[in-house]
Amino acid sequence: MFSDHVPSMPGVLDVFACLPAEIRDAALSISAGNTEADPSMIRTHLLSVLSSAMAPFYRLHLPGWKPIPISVNTLCIVEVGGSKSPVHKALIEPLEQYRQLSHRQHADDCSAYETHVSQHRVKLEIAKSEAKRARRSGLSVDEALADLSALTGAVIPAPKFRPRRADHLDLESLLVQLSGEGESVDFITDEGDKFLSSSLMRHVPHLCDLIDGESLEYRRERKRPLFAVSPCATFGLMAQPSAIMPFRPRQTRKDYVEHKAVTMGFFARLLVCVAVANDKPLPSTVSVSEASLEALKLKLRDLYERQNQRLRNRDFGRIDVHLAPDAESYWKELARLTVERKRGPWRHVSDFVSKMLSHVGRVAAVLHLWCSDTIFISLEALRCAWEIVCWHLHQYESVFVPPPLAPQSEADVAAIVSLVREQYWGVKAEQVSTEEIGLLLALPNNRLRAALLRLSQRGLTKPCLSSPGSINCIPIFSQSRQITLR
């Protein structure tokens, strides 16, 4: 676990209470089949899956904002044995079925395309022959040249492969999949470790633009450039803690070093969930229906297929979604609250707070639109979204926000311990010159003496009677190292 300060996990019913009935029943069904799974993990991953199917149809208009996508992007950090794969498989089935269908459809489209191209070549040769024959016969060639010009200028579009799910992509192959207008890609996987170690993580600005719905461009040598206009992307990553470690703040002797992906706001654009073992199983008195989960899957499959058909018909439009009138006043209060707390108690997590309203709007849109035909997000959905995002604020803080630096006195002690372990192991540790320690660490004499006194009081060093001015540091190595991750 990353931190001792993560709030204790509420009961299953409490976690799902903020979800609409249709979504809540499906989540309960998944939880009943995976009793060890953290219900917060189920809720988080479920939101990203739902939004992946809905996001290509809508765009969100918030008061005073430019339109944004409604995709809810998430990151679940799950220990081995945390049931991430069973939960993922329970939700990814419709998208996987769509991907298999898209492979078969693309194969048929390629066959039809090759036939069409062959027929076009034959027509073009016939038109050329007719033009030559008319010229040799002294007849008017205007009609023949017009036919030839029309055939020469005709463009036969190559079939577009739309698997949706992203797998083993670099930046170029990602832009190939998104090239065109209104295309979608879904990074929804229980092997988020592969994505976080892939070459795409070297292109964080592009990933941030993709989440924000910005158009992308990729220029290639000796090839046509790739353009993605109004792309739609959804991230639903499940990863082990070890995959996140390279991105967590790393403490040096005097400061913290943050990873570029954190400083550029990639992880702040994700709703983070640190999963823990479920110690509050679903009460036996709660009735669970598997039909609710099947109904949810059926609706997901329908949405994926409908979007594919829309793009095949070159329908790139998106429906504008707004806040209901009674929700707008609540939204203004949320905007005021985030600004105040960003300057106050949430100042240390300002990168996430600056994106909280975007998260709230996206989650509220998904919760509302899944169960309603109206394009005006209800006040209830907005309140539930705020509750969910506030919970994720503390989760993000526990993983990507460094704890306060230790006082200088403790930092001096830690520096000496680190130096001894690096350079004075073995027999050398029995007689270590205190003057040498001070010189190597550039510590003033009073700070050096205070740090050595603290080490002695904690039983980590002993006086070296045979050599005045030296200390015995063997106890430092005999002490078990306690590593606590915040």
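What comes next concerns the included structure. Treat the numbers as computed from the prediction; the structure is a model and nothing was measured.

1. Description of the overall build of the protein chain
Turning to step 1, where the next piece is worked out: Each helix and strand in the protein chain was counted, giving 19 helices and 15 strands.
Turning to step 2, where the next piece is worked out: Compactness check: the protein chain gives a C-alpha radius of gyration of 30 Å against a globular reference of 23 Å for 486 residues, more than 25% above the reference.
Turning to step 3, where the next piece is worked out: Each principal axis of the C-alpha atoms in the protein chain carries an extent, and together these give about 120 × 65 × 40 Å.
Turning to step 4, where the next piece is worked out: Taking all 486 residues of the protein chain together, 48% fall into the buried category.
Turning to step 5, where the next piece is worked out: Relative to all contacts within the protein chain whose residues are 6 or more apart in sequence, the contacts with residues 24 or more apart total 78%.
Turning to step 6, where the next piece is worked out: As displayed, the protein chain offers around 24,700 Å² of accessible surface, 51% of which is attributable to carbon and sulfur atoms.

2. Describing the nonpolar core
Turning to step 1, where the next piece is worked out: Counting residues in hydrophobic clusters, the biggest one holds 121 residues, and the most contacted among them are Phe266 and Phe267.
Turning to step 2, where the next piece is worked out: It is helix H15 (residues 379-400) that contributes the most residues to this core, 14 residues altogether.
Turning to step 3, where the next piece is worked out: Counting residues in each nonpolar core, the second largest holds 20 residues, with Ile416, Leu443, Ala451 and Leu455 among its members.

3. Topic: the side chain of Ser29
Turning to step 1, where the next piece is worked out: When you line up the elements, Ser29 lands in helix H2 (residues 21-33).
Turning to step 2, where the next piece is worked out: Discounting residues that sit within four places of it in the chain, Ser29 has contacts with Val288, Ser289, Glu290, Ser292 and Leu293.

4. As for the pattern of salt bridges
Turning to step 1, where the next piece is worked out: On inspection of all chains with the given rule, the structure shows 18 salt bridges.
Turning to step 2, where the next piece is worked out: A salt bridge links Glu191 to Lys194, with the nearest nitrogen and oxygen atoms 2.9 Å apart.
Turning to step 3, where the next piece is worked out: What makes Glu191 partly exposed here is its relative accessible area of 41%.
Turning to step 4, where the next piece is worked out: Judged by relative accessible area, which is 48%, Lys194 ranks as partly exposed.
Turning to step 5, where the next piece is worked out: Here Arg447 makes a salt bridge to Asp412, at a shortest N to O gap of 2.9 Å.

5. Overview of the side chain of Ser179
Turning to step 1, where the next piece is worked out: Looking at the element boundaries, Ser179 is found in the loop between helix H6 (171-178) and strand E3 (180-181).
Turning to step 2, where the next piece is worked out: Looking at Ser179, its side chain comes within polar contact range of the side chain of Lys160, at 2.9 Å.
Turning to step 3, where the next piece is worked out: Engagement of the side chain of Ser179 in a polar contact is seen with the backbone oxygen of Val176, the distance being 2.9 Å.
Turning to step 4, where the next piece is worked out: Apart from the residues within four sequence positions on either side, Ser179 is in contact with Lys160, Leu226, Phe227 and Ala228.

6. Remarks on unusual backbone geometry
With glycine set apart, most residues show a phi of negative sign, and most peptide bonds adopt trans.
Turning to step 1, where the next piece is worked out: A positive phi angle, near 70 degrees, is found at Arg164, a position not held by glycine.
Turning to step 2, where the next piece is worked out: Relative to the helices and strands, Arg164 is located in the loop between helix H5 (142-153) and H6.
Turning to step 3, where the next piece is worked out: We classify Arg164 as buried; its relative accessible area is 4%.
Turning to step 4, where the next piece is worked out: Positive phi, close to 55 degrees, is recorded for His168, a residue that is not glycine.

7. Considerations on the sheet that holds strand E14 (residues 462-463)
Turning to step 1, where the next piece is worked out: What the three strands build is an open sheet, ordered E13-E15-E14; its pairing is antiparallel. Each edge of the open sheet is held by one strand with a lone partner, namely strand E13 (432-433) and E14.
Turning to step 2, where the next piece is worked out: When E14 meets strand E15 (residues 470-472), the two strands line up antiparallel, connected through two bridges. If you follow Lys462 over to E15, its bridge partner there is Asn472.

Rules used in this analysis
Residues numbered from 1 in each chain as written. Predicted model: local features only at pLDDT ≥ 70, side-chain atom pairs only at ≥ 80, totals over all residues. Heavy atoms only, no water. Helix = DSSP H or I, 4+ residues; strand = E, 2+ residues; numbered from the N terminus. Rg over C-alpha atoms; globule rule 2.2 N^0.38 Å. Buried < 20%, exposed > 50% of the residue type's maximum accessible area, 1.4 Å probe, protein only. Contact = heavy atoms within 4.5 Å. Areas by Shrake-Rupley, 256 points an atom, 1.4 Å probe, with all protein chains shown as cover. Core = buried A, V, L, I, M, F, W, Y, C linked by side-chain atoms within 4.5 Å. Salt bridge = Lys/Arg side-chain N within 4 Å of Asp/Glu carboxyl O. Polar contact = N/O pair within 3.5 Å; in protein donor to acceptor, adjacent residues only side chain to side chain. Pairing = 2+ DSSP bridges.

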